[in-house]
Amino acid sequence: MKKMSKVVLVCLIAVLVGGVFAGQGLCEKTKYAGITIRMLGPRHNWAIPMAETCEKLAEEMGMKFDVTWIEWDDALKKVILDLKSGSTTWDILVTLRMSMGQYIEIGALTPLDPLIQDIGDPETLGLDDFLESALEQASYEGKLYMLPNCTGTALLGYRKDLFESPIERKAFRERYGYELQPPETYRRFYDVAEFFTRKTGQTLMGEVLGADFYGTTHSNKLGFFMWHDFVTYLDGWNATSYDPATMMPTLNTPDFIGAVKFYTSLVPFLPPEHINMSSGESSALAAAGHAAMAIEFDDMFAYIHMDPDKSQTADKWALKQPPFGRAHNCLNGFGIYALSEHKEAAYKLLEKFFDSTVQKELALQYKQYLPPKKSVLLSPEIRAFHPEAEVKLKNLSRPCISNHPLLAAYPSMIDIITGYIQQVMLGKISPEEACDKAQEETVQLFREYGYIK
Amino acid sequence: MDVTQKKLNAFVFLVPCIVYVLILRIVPLIYTVYLSFTSFNYLRQQKPVFVGFEQYRLLMQNLSFLQSLKLTFMFTGIAVGIELLLGLALAVLFDRPIRLKGVLVGIMLIPMILAPAVVGTIWHILYKPSIGPLNYFLGLLGIPQPQWINVVSTALLSIIIADVWEWTPFMFLILLSGLQVIPLQLREAAKIDGAGVFKIFRHITLPLLVGVILVVVVLRSMDAFKVFDLVYILTRGGPGTATEVVSIHLYKAAFLSFRMGRAASMVVVLLVVISLMYSAYLKEIEL
Amino acid sequence: MKVHYQKIIILGVIGFCLLLAMFPIYYLFLVSVKPQKILFVIPPKFFFQSTFDFYKRILADKKEYIVFLNSAVVASAATILALIIGSLGAFAFTHFKFALKKTLFFLVLLTRMYPPIATLIPIYFMLKYLNLLDTRLGLIVVYTGFQIPLVVWLMRSFFVKIPKAIQESALLDGCSTMAMFIRIVVPLSAPGLAAVGIVIFVLSWNEFLFALVLTSFNARTAPVAVASWYVVENSLEWEMLCAIGLLTTVPMFGFMAVCGKYLIRGLTLGALKG
């Protein structure tokens, strides 16, 4: 009898406890049930896993999740018009660093802090687990505007086989007087790039080349294509594009000019189509075995250079921090549309998505996915799957001033600067002249935007 | 038919067309003209601020804009010229009984049917100096391989070639249908009379086709002047400013810096330029 | 003998033209089935193990199929409406005399002289006011407006050719202007109508900017769906873009097959002779 009653008691407790939890689940389901969360943004490789995961998570919450994929500059046009006309269509916006300034400027994003305070579940969200620099970059004037799941940081990738080849090492030593190593300074980076730039018919590692070979490769198409590559050099020269204290552009400071001079001096070592390439093309070129080094975002290496399905040289690439300087940090993530009618539901969905366990699973599933969460970046399992994790963490732990300002004028400023850098590359004007002109035009731009008088 | 009946008739034919165009095209244009006299940063301001002729003054001083006008004229002239010659030749070529004519014409029209962005992408790939097939074939034939869109000297030419490929079918289509409308009897009669192919073409076909040719040239050149997709995808206006056409400037003003007043003034200037270009032709049309 | 040479040369030239027209398309298809690994090898590979993965990926997304329906409906309706309204207007310009004729004609032409970007914002707010945002009807209304000037202009040049004699005789016989228009003018200019119809159908199908801004998820059209694969900076999704670019062209062939018949058919000589 006693045994029976014990069993019955245990069963009853189990049922009760189970009922409470199930009820909670049910409660959550009914609270947001029937809502459709709509997301708008570009189909980038860190956003696709989010969409797939959120679809499942939303279903668990009784909601639907629907994505409209549009490239970021087109999405920007859409958001601006929708916002200005009071449209409440969207709930979540895929937020890239490049357009974040404009989104915040027009009020397209709603600060997340009130939502976190009111309905946030600290354990799920794990704010402490985010890298500090990431959260800082995702905030503007003290308010958090988006939750980041992609922090692109620039790394130096190089072909191990070339650097280890005895033939090349001997030739390098003879020519430059020091040992061939993955470069620690930009001076040495120049030497290595010069050394490895060969024409068809010359030899590389003792074999005759069937096609031209390049020391390094960059994507220098006008606009953000070039800017993403150039920013790393700005960081190396400790230069910025403007001074936040005075809001004056700083495009003709000696540091900035120095960065432009060096960047344009690399042109002889780049493939001739650099001036019209995107970083995807530039990476594919290097991965196909036509370049010795590449300074690129870390996820590109994982996604292209080191992926055996996409690269002819997958196992030949190694990664290290770029030559001495600040870390280049470009943050992307998801924010909540200011006119959304389902802000709470959207936030809850994002919160579930950013749970460190979910993030870790995704990082183990996708080669190019590595969120700025400490527990993920430090996990040995992750490090085995992601060779770039260690260097990335090192890079992101350095102090970084983002050269991706959160200004609405940011894309126009980039357009001006990259236009003049291209002129320098074509040999039409000197770096000093280019920087002076860029400064002049950007000052006018800032005046029109009302940043300075 | 009495006068009021005739007037009513005219109304029925004319009114839907005019009203539609007025509401959907002219009214927004008036708004644009108004904006051209204002300074209106769409991101930072709520309302446009009246500034008189300031935008126009700045525009006339903007050397790169004036330079882009010149470049666009050059592009239009060359591209449309080639398209006309090729289109005409093709139309004449196809204006005869051929087996599977419908299918062949359909195939010829494919470049025009593809989305402009797809056309841009495929030419981007074709123009790749070492990876692309164009230079590969040129190499096989022993011809020097140009850098296409990557150097200033051939960038504009590359865009012209891509444009010709994309839009010659348009010329071809309209000219072919123009040829179909010309009564066959006239040509048959001339043939019976012993006239050679070229003579028939010069003295019968061409004069009757002149109207259609003029129309299609004016139309196509107006569109070529506004070329955007090809340039944006292939070069973004580069290298440097080698392919910076007017529409790139407009795009940057409207969607990059959101300076609506500046964009509006560019539109008005474009409008004036183009209507001046064709004012002579428009006067000549018998209406 | 001479005739044979001529025919061979002509066929040869036509064949060459077709080759030129088709090569980029052929390469487009080639890229869409090339595995990414060999996309950047020098020299380019023409024979390889092709992969239809990209097509599979596109066709797997069944939710997106509706964009083809949207595009078809919008483009067809806009084309038909524009052809009707535009032809009526074009005929008015050739047949009637009325005040301000030249001015009105110039006004219609004017609308083709500036880039459509300029009217984006006013039209957006116009549609918003009419509650037509993200609807197929809204797009139809806008696209018809875009194409009417083109129809007017092109059809005018075709209508002008129709001999006045036939038109006058029909009117004298007691036909109303509208009946004369429908029964005589339209059939005689059928090739023109077909040609213009093809052109504006293609233009309406491929229109991107307004479709992007005026639709969100209900009335999305094919170009906007294609654009979702334009990941321009970070990835190399050429194959996807090429694959979907080709796929979106396929439905248009259906339309062209219909129109092509009218295009190729010659003049109905009966009316002229009689």
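Here, the structure is the one placed above.
Scope of this entry: the structure provided in the associated data block. A quick note: this is a predicted structure, and the numbers were derived from the prediction, not measured.

A closer look at the overall build of chain B
(1) Moving on: Along chain B, the regular secondary structure elements total 12 helices and two strands.
(2) Moving on: Order of helices (α) and strands (β) in chain B, N terminus to C terminus: α-β-β-α-α-α-α-α-α-α-α-α-α-α.
(3) Moving on: For the C-alpha atoms alone, the extent of chain B along its principal axes is close to 75 × 70 × 30 Å.
(4) Moving on: Out of the 287 residues in chain B, the part that is buried amounts to 60%.
(5) Moving on: Looking at chain B alone, contacts between residues at least 24 apart form 65% of all its contacts between residues at least 6 apart.
(6) Moving on: About 12,000 Å² of surface is accessible on chain B, with carbon and sulfur atoms providing 71% of the total.

A closer look at the nonpolar core
(1) Moving on: Ranked by size, the top nonpolar core spans 347 residues in total, and within it F65 and F334 of chain A together with F94 of chain B carry the most contacts.
(2) Moving on: Considering each element in turn, this core owes the most residues, 16 residues, to helix α7 (residues 152–181) of chain B.
(3) Moving on: Each of two domains, domain 1 (33–151 + 332–396) and domain 2 (153–329 + 403–448) of chain A, supplies a minimum of three residues to this core.
(4) Moving on: Core analysis: the next-biggest nonpolar cluster, separate from the first, contains nine residues, A291, A294, M306 and W317 of chain A among them.

Structural notes on the interface of chain C and chain A
(1) Moving on: Facing the 33 residues of chain C at the interface are 40 residues of chain A.
(2) Moving on: With both sides pooled, the region where chain C packs onto chain A buries about 3,300 Å², and carbon together with sulfur makes up 57% of that total.
(3) Moving on: Counting the contacts that link chain C with chain A gives zero salt bridges.
(4) Moving on: Across the chain C-chain A interface, the total number found is nine residue pairs in polar contact (both at pLDDT 80 or more).
(5) Moving on: Residue assignment for the side of chain C that touches chain A shows that the elements contributing at least two residues are α5 (120–129), α10 (209–214) and α11 (222–227) of chain C.
(6) Moving on: With five residues, α5 of chain C is the largest single contributor of residues to the side of chain C that touches chain A.

Remarks on the side chain of K373 of chain A
Residue and element names in this part refer to chain A.
(1) Moving on: Inspection of the secondary structure puts K373 in the loop between α16 (356–365) and α17 (374–378).
(2) Moving on: One buried charged side chain, K373, makes no salt bridge at all; its nearest oppositely charged neighbour is D129, positioned 4.6 Å away.
(3) Moving on: One polar contact links K373 to S356, side chain to side chain, over a distance of 3.2 Å.
(4) Moving on: Each residue touching K373, except ones within four places of it in the same chain, is listed here: L125, G126, D129, F130, F354, D355, S356 and Q359.

Focus: the packing of aromatic side chains
When we look at a pair of aromatic rings, we describe it by the centre distance and by the angle of the planes.
(1) Moving on: Per the stated rule, a full pass over the model turns up 66 aromatic pairs over all chains.
(2) Moving on: Ring geometry for W123 of chain B versus W165 of chain B: centroids 5.8 Å apart, planes at 70 degrees, classification edge-to-face. You can see W123 of chain B sitting in helix α5 (residues 116–126) and its partner W165 of chain B sitting in helix α7, a full 42 residues away along the chain. Of the two residues examined, W123 of chain B and W165 of chain B, each falls in the buried class.
(3) Moving on: Grouping aromatic residues by their ring pairs yields a cluster made of Y186, F189, Y190, W227, F230, Y233, W237, F256, F262, Y263 and F269 of chain A.
(4) Moving on: Positioned above the aromatic ring of F225 of chain A is the side chain of K221 of chain A, whose terminal nitrogen or guanidinium carbon lies 5.4 Å from the ring centre.
(5) Moving on: Directly above the aromatic system of Y232 of chain B lies the positively charged group of R236 of chain B, at a separation of 3.9 Å from the ring centroid.

Things to note about the environment of A115 of chain B
(1) Moving on: Note on placement: A115 of chain B falls in the loop between α4 (101–113) and α5.
(2) Moving on: Through-space distance from the C-alpha of A115 of chain B to that of D229 of chain B is 9.7 Å; in sequence the pair is 114 residues apart.

Focus: unusual backbone geometry
(1) Moving on: Residues other than glycine seldom take positive phi values, yet W148 of chain B does so here, at roughly 50 degrees.
(2) Moving on: Along the chain, W148 of chain B turns up in the loop between α6 (133–140) and α7.

Digging into the interface of chain C and chain B
(1) Moving on: Taken together, the contacts link 97 residues of chain C with 95 residues of chain B.
(2) Moving on: Both sides of the chain C and chain B interface together cover about 8,900 Å² of buried area, and 83% of this is carbon and sulfur.
(3) Moving on: Counting across the chain C and chain B interface gives one salt bridge.
(4) Moving on: Summed over the shared surface of chain C and chain B, the number is 12 residue pairs in polar contact (both at pLDDT 80 or more).
(5) Moving on: Taken together, the residues of the side of chain C that touches chain B break down into 78 nonpolar, 13 polar and six charged.

Regarding the packing of helix α3 (residues 63–94) of chain B against α7 of chain B
Residues and elements named next belong to chain B.
(1) Moving on: Two elements in contact, α3 and α7, have axes separated by 6 Å at closest approach and are oriented at 40 degrees. Relative to α7, the element α3 lies oblique. Where α3 crosses over α7, the handedness of that crossing is right-handed.
(2) Moving on: Per-class residue counts for the contact of α3 with α7 are 24 nonpolar, two polar and two charged.

Details of the state of the cysteines
Residues and elements named next belong to chain A.
(1) Moving on: Scanning the model with the defined rule gives zero disulfides over all chains in all.
(2) Moving on: Free cysteine: C150, not disulfide-bonded; nearest cysteine sulfur from C330 at 7.5 Å.
(3) Moving on: Classification of C150 by relative accessible area gives buried; the value is 8%.

Some remarks on the pattern of salt bridges
All names here are of chain A.
(1) Moving on: Scanning the entire structure with this criterion turns up 29 salt bridges over all chains.
(2) Moving on: Where E132 meets K374, a salt bridge forms, and the shortest distance between an N and an O atom there is 3.0 Å. Residue E132 is located in helix α7 (residues 132–137), and its partner K374 is located in helix α17; the two are separated by 242 residues in the primary sequence.
(3) Moving on: E132 gets classed as exposed once you look at its relative accessible area, which sits at 54%.
(4) Moving on: Its relative accessible area of 24% is what places K374 among the partly exposed residues.
(5) Moving on: A salt bridge links D298 to K392; its shortest N-O distance comes to 2.7 Å. Highlighted residues: D298 in helix α14 (residues 298–305) and K392 in helix α19 (residues 389–397), separated in sequence by 94 residues. With respect to burial, D298 and K392 carry one shared label: buried.
(6) Moving on: Among the charged side chains, a salt-bridge network with shared partners connects R169, R173 and E179.

Rules of the game
Throughout this description, residue numbers start from 1 for each chain and increase along the sequence as written. Written order decides the labels, with chains lettered from A and ligands numbered from 1. The predicted origin of the model limits local features to residues at a pLDDT of at least 70 and limits the giving and counting of side-chain atom pairs to 80 or more, whereas totals for whole chains, interfaces and linings rest on all residues. Just so you know, side-chain values use all the structure's heavy atoms and leave hydrogens and water out. Every helix listed is a DSSP run of H or I at least four residues long, and every strand listed is a run of E at least two residues long, numbered separately from the N terminus. Burial classes: relative accessible area under 20% of the type maximum marks a residue as buried, over 50% as exposed, and values in between as partly exposed (1.4 Å probe, protein chains only). Only heavy atoms matter for contacts: two residues are in contact if any of them lie within 4.5 Å across the pair. Working definition of accessibility: Shrake-Rupley area with a 1.4 Å probe, residue cover restricted to the visible protein chains. The nonpolar core is taken to be a set of buried Ala, Val, Leu, Ile, Met, Phe, Trp, Tyr and Cys residues, with the residues joined through side-chain atoms within 4.5 Å. Domain ranges listed in this record stem from an automatic or a database domain assignment. Take the accessible area each of two parts loses on contact, using a 1.4 Å probe, and add the two losses: that sum is the buried area. Only one rule defines a salt bridge in this text: a Lys or Arg side-chain nitrogen within 4 Å of an Asp or Glu carboxyl oxygen. In protein, a polar contact means a hydrogen-donor-capable atom and an acceptor-capable atom, both N or O and within 3.5 Å, with residues adjacent in sequence counting only if both atoms are side-chain atoms; elsewhere, any N or O pair within 3.5 Å suffices. Only four residue types enter the charge count, namely Lys and Arg as positive and Asp and Glu as negative; His and the chain termini do not. The rule is short: rings of Phe, Tyr and Trp, with Trp giving its six-membered ring, pair when the centres are within 6.5 Å, and they are stacked under 30 degrees, edge-to-face over 60, tilted in between. Lysine and arginine charges are scored as sitting over a ring when NZ or CZ, respectively, is within 6 Å of the ring centre and within 35 degrees of the ring normal. For this scheme, ten residues count as nonpolar: Ala, Val, Leu, Ile, Met, Phe, Trp, Tyr, Cys and Pro. Four count as charged, namely Asp, Glu, Lys and Arg, and the remainder, Gly too, count as polar. To obtain an axis, a line is fitted to C-alpha atoms, over the contacting stretch when the element is a helix, and the angle between two such axes runs from 0 to 180 degrees between their N-to-C directions. Here is the rule for angles: anything less than 35 degrees is roughly parallel, anything more than 145 is roughly antiparallel, 65 through 115 is roughly perpendicular, and the remaining ranges are oblique. Two helices cross in a left-handed way if the nearer one is turned anticlockwise from the farther one by less than a right angle. They cross in a right-handed way if the turn is clockwise. Put simply, a disulfide is two cysteine sulfurs that come within 2.5 Å.

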